[in-house]
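# A structural walkthrough
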Amino acid sequence: MPETGPEPAEIPGPTLLVYFENDLFYNEDRYYTNAVQLRLISPDLRTLAEYGYLPEGVSSLLGRVPFPGSRNATQYNVSVGAGQQIYTPKNTDIKTLQKDDRPYAGYLYGLLALHAKRENRLDTLELAAGVIGPSSLAKQSQNEVHRIRSIDTARGWKHQLKDEPAVMLTWSRIWRVNGGA
């Protein structure tokens, strides 16, 4: 019988986060009308390169990013995701431009985030980039859901904001009230 070596350590899988907000819970479309985001979060890592979630070169480069909390972190996580946000004016039955109301707009984006955890806090550095305007597919998303649900579609999407790129870099810190005890 051939001798076999130890079983390789099983690489933990990521966690899937599904985020959904919609004003259908209030039976109306207006202003901030919908958001959906899918995000994969790595398991807890001792280094950014552990388990190969990031290549060593990328991990080394990102390890030099000077964001608060990155020194002496007890564990890390990396997350990637994509999402869409939809905004409409108060009255979606009007076909003409509503100059004194929120414009029709959509935002379609991808993101990469680094999380550094310590006993009493979590620091997150996140880069989101995407497009605002017709290329966000907000009109198609909203109207298709309305068709499926037999709800009137929004009539003023031809007045939505024009295409333009959007980039957002954020840093956030969350403190644990009980100090990690």
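Going by the structure above, here's the rest.
What counts, and at which threshold
- Residues numbered from 1 in each chain as written.
- Predicted model: local features only at pLDDT ≥ 70, side-chain atom pairs only at ≥ 80, totals over all residues.
- Heavy atoms only, no water.
- Phe/Tyr/Trp six-rings, centres within 6.5 Å; stacked < 30°, edge-to-face > 60°.
- Buried < 20%, exposed > 50% of the residue type's maximum accessible area, 1.4 Å probe, protein only.
- Helix = DSSP H or I, 4+ residues; strand = E, 2+ residues; numbered from the N terminus.
- Arc of directions from axis to C-beta.
- Contact = heavy atoms within 4.5 Å.
- Pairing = 2+ DSSP bridges.
- Axes fitted to C-alpha atoms, helices over the stretch in contact; angles between N-to-C directions.

## Regarding the packing of aromatic side chains
What the rule picks out here adds up to three aromatic pairs. Ring geometry for Tyr 107 versus Tyr 109: centroids 4.8 Å apart, planes at 25°, classification stacked. Judged by its relative accessible area of 9%, Tyr 109 falls in the buried class.

## Some details on helix H2 (residues 138–148)
Looking at H2, one finds that the buried residues are Ala 138, Gln 142, Asn 143 and His 146. Take H2 and look down its axis: the buried residues cluster within an arc of 110°, on one side only. What points out from H2, more than 90 degrees from its buried face, is the exposed set Arg 147 and Ile 148. Looking at the packing, one finds that the buried side of H2 touches strand E2 (31–41), strand E3 (75–88) and strand E4 (105–117). A positive phi of about 55° marks Ser 150, the residue just after H2.

## Some words on the sheet that holds E3
As summarised here, the arrangement of the six strands in space is E1-E2-E3-E4-E5-E6, forming an open sheet in which the pairing is antiparallel. Both edges of this open sheet fall to strand E1 (15–22) and strand E6 (164–175), since each of them pairs with a single strand only. The average undirected angle you get between the axes of adjacent strands in this sheet is 15°. Of the pairings in the sheet, the one linking E1 to E2 comprises eight bridges and is antiparallel in character. If you follow Leu 17 over to E2, its bridge partner there is Arg 39. Across the sheet, H2 is in contact with E2, E3 and E4; its angle to E3 comes to roughly 75°.

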